[in-house]
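Structure at a glance
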Amino acid sequence: MTAAMVVSLAACGNAGDTTTTTTDNTTTDTTTDTTTTTDTTTTDTTSENAPSGEVVGDNTVKVWVADAVVDFTRSQIENFKSANPEYADFDFLVEAVGEGDAASNMITDVTAGADIFGFAQDQLARLVAAGAIEEVAPDNVSALSTQNDAGAVAAAKVGDTFYAYPMTSDNGYFLYYDKSVISDPSTLEGIIADCEAAGKNFYMDLTGWYQVAFFFGTGCQMTYDSDDSGNFTAANVDYDSDKGLVALKEMIELASSSAFQPGSGAGTAVDYAAIVDGTWDAATVKDFLGDNYACAKLPTFTGSDGNTYQMSGFGGFKLLGVKPQTDEAKLACCDALALYLTSEDVQLARYNEVGWGPSNINAQNSDAVKADEALSALAEQLAFTIPQGQYPGDYWSRAEALAGDVQDAFKTADDATLKEALATFQADLESYAK
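Residues numbered from 1 in each chain as written. Predicted model: local features only at pLDDT ≥ 70, side-chain atom pairs only at ≥ 80, totals over all residues. Heavy atoms only, no water.

This next bit is on the overall build of the protein. The secondary structure content of the protein amounts to 17 helices and 17 strands. Within the protein, the fraction of its 434 residues that count as buried is 56%. Put simply, 77% of the contacts in the protein that link residues at least 6 apart link residues at least 24 apart. With the model as given, the accessible surface of the protein reaches about 16,100 Å², and the carbon-plus-sulfur share is 44%. (Helix = DSSP H or I, 4+ residues; strand = E, 2+ residues; numbered from the N terminus. Buried < 20%, exposed > 50% of the residue type's maximum accessible area, 1.4 Å probe, protein only. Contact = heavy atoms within 4.5 Å. Areas by Shrake-Rupley, 256 points an atom, 1.4 Å probe, with all protein chains shown as cover.)

What tends to happen in soluble globular proteins is that the nonpolar side chains get buried as a cluster. If you look at the biggest cluster of nonpolar residues, it comprises 62 residues, and the most contacted ones within it are Phe202, Met204, Leu206, Phe214, Met222 and Tyr239. Looking at which element gives the most residues to this core, the answer is helix α9 (residues 242-255), with eight residues. When sequence neighbours within four positions are dropped, the list of residues in contact with Phe214 reads Leu188, Met204, Leu206, Ala247, Glu250, Met251, Leu254, Phe301 and Met311. Judged by nonpolar contacts, the second largest core, of 48 residues, contains Phe90, Val97, Ala132 and Cys333. (Core = buried A, V, L, I, M, F, W, Y, C linked by side-chain atoms within 4.5 Å.)

Between helix α2 (residues 70-83) and helix α11 (residues 328-341), the least distance of the axes is 11 Å, while the angle of their chain directions is 120°. Note on packing geometry: the crossing formed by α2 with α11 is right-handed. Mapping the contact onto sequence places Thr73, Gln76, Ile77, Asn79 and Phe80 in α2 and Cys333, Ala336, Leu337, Tyr340 and Leu341 in α11. Taken together, the residues of the contact of α2 with α11 sort by class into seven nonpolar, three polar and no charged. (Axes fitted to C-alpha atoms, helices over the stretch in contact; angles between N-to-C directions. Left-handed = near helix turned anticlockwise from the far one by under 90°. Nonpolar A, V, L, I, M, F, W, Y, C, P; charged D, E, K, R; others polar.)

Take the packing of aromatic side chains next. Under the counting rule described, the total for this entry stands at 25 aromatic pairs. When the centroid spacing of 5.6 Å and the interplanar angle of 85° are considered together, the rings of Phe216 and Phe314 count as edge-to-face. Of this pair, Phe216 sits in the loop between α8 (208-215) and β9 (222-226) while Phe314 sits in strand β16 (residues 314-322), and the two are 98 residues apart along the sequence. Like Phe314, Phe216 is buried. Among the aromatic residues, those joined into a cluster by ring pairs are Phe216, Tyr224, Phe232, Phe314, Tyr391, Tyr395 and Trp396. (Phe/Tyr/Trp six-rings, centres within 6.5 Å; stacked < 30°, edge-to-face > 60°.)

What follows concerns the pairing of strand β2 (residues 91-96). Counted residue by residue, β2 has six buried out of six residues, so it is predominantly covered. A two-sided burial pattern is seen for β2, the buried positions comprising Asp91, Leu93 and Glu95 on one face and Phe92, Val94 and Ala96 on the other. As paired strands, strand β1 (residues 60-65) and β2 are joined by six bridges and run parallel to one another. Bridge pairing links Lys62 to Leu93 in β2. Handedness of the crossover joining β1 and β2 through α2 is recorded here as right-handed. (Pairing = 2+ DSSP bridges. Right-handed = clockwise from strand over helix to strand, strands pointing away.)

As a further point, take α2. For α2, built from 14 residues, the straight-helix expectation of 20 Å at 1.5 Å per residue is met to within 8% by its first-to-last C-alpha distance of 20 Å. Val70, Phe72, Thr73, Arg74, Gln76, Ile77 and Phe80 are the residues of α2 that are buried. Here the buried face of α2 lies against β1, β2, α11 and α12 (344-354). (Expected span 1.5 Å × (residues − 1).)

Per the stated rule, a full pass over the model turns up nine salt bridges. A salt bridge links Asp428 to Arg398, with the nearest nitrogen and oxygen atoms 2.7 Å apart. With Asp428 in helix α17 (residues 415-431) and Arg398 in helix α16 (residues 393-406), this pair connects stretches of sequence that are 30 residues apart. Accessibility expressed as a relative area gives 25% for Asp428, which makes it partly exposed. Connected via shared salt-bridge partners are Asp115, Lys323 and Lys330. (Salt bridge = Lys/Arg side-chain N within 4 Å of Asp/Glu carboxyl O.)

Let's shift gears to the sheet that holds strand β13 (residues 293-296). As summarised here, the arrangement of the five strands in space is β11-β8-β12-β7-β13, forming an open sheet in which the pairing is mixed. Bordering the open sheet on either side are β11 (260-261) and β13, each of which pairs with just one other strand. In the sheet, strand β8 (residues 201-203) pairs with strand β12 (residues 272-277) via three bridges, with the strands oriented parallel. Bridge assignment links Phe202 to a residue of β12, and that residue is Ala274.

When glycine is set aside, most residues are seen to have a negative phi, and most peptide bonds are trans. Backbone geometry at Asp271 places phi at a positive 50°, although glycine is not the residue there. Among the structural elements, Asp271 can be located in the loop between β11 and β12. Judged by relative accessible area, which is 37%, Asp271 ranks as partly exposed.

Below you can see the structure in the form of structure tokens.
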């Protein structure tokens, strides 16, 4: 499934017919700062007045990061300079450009773009196609592949080639639950039974970003290929299948429960003992559940075919990329800095300062991060997810319509009707790439 995904990873934003999905308080770039405000203060006064977008000197390494981590990045670069005197001849210019805009800006003008830039994982294939990102230095590949979690590693590659440095694993959804009500959060059937017995609600959104938890969980795929301009050229969908029917029937079974409530926003949820949500709502859920607050990966479910499936979903990651360089010495400096800024110590320091969830396995297992129950649950869930690529805008509205049918007309439908609905759904999804 990962192999199928990487060919479809493309940009969200302005290229082609694209729309990112809105998921309550989040989008596909929920944890990114999409501001394009530029702060051109440098760690060395040599480049202090260089305006954003201007090509700077060959000895200047320009770094784009989200506004929230500009000061943090500057301080870490000072540490990098102290630890690596061989790069003393380079100046470092840090600018605030959010992960949601970095790829588009790089592709628009690679020459004037940053030498090192943070971006959301669904931008990777577009950057590779445009020649705006360099392969990871061979000497760094082993560290990246062994020190980061599987989801982040997959997100940083196209095919078998590393093109980026994993920086975070902190965008996705998992289970919050009331441990005084839910006796075992490992199975969907058990969670629903406990909620029904207690007269409590179970919240889950069944629209596009969330419904893939069922379809991907049963082994279905839904990815899109695109050309260099971001236009969708092919859809790789097999929802019209036995495994698609299992997923659809499980969604219907969930929606038929007296405990089920559609939605994933903890701020508007009421009287719940379980909710599928993300880290952005951790404080809200904790306030609501109090001492009974608990988190876990998404549960398994037993399908209509008698098999057990682990719920999946989309995963989101922040990555650092390095621009192709003509100067080998500068390229070496950029690779060394990118590796440093995504290292265990820096990821942990970044978590402590701004709360970004690390992709580094050791950082995830640190006392500080493990004490963050939401991040720990998300880290476990991301091992079962697929890095989100780019999807046509029409997909999200069509998936919302399917969710509406699941919660209404499909509740009394027979298998033949459901199979017909899946065939129509798949044909519609395929049509968006024609």
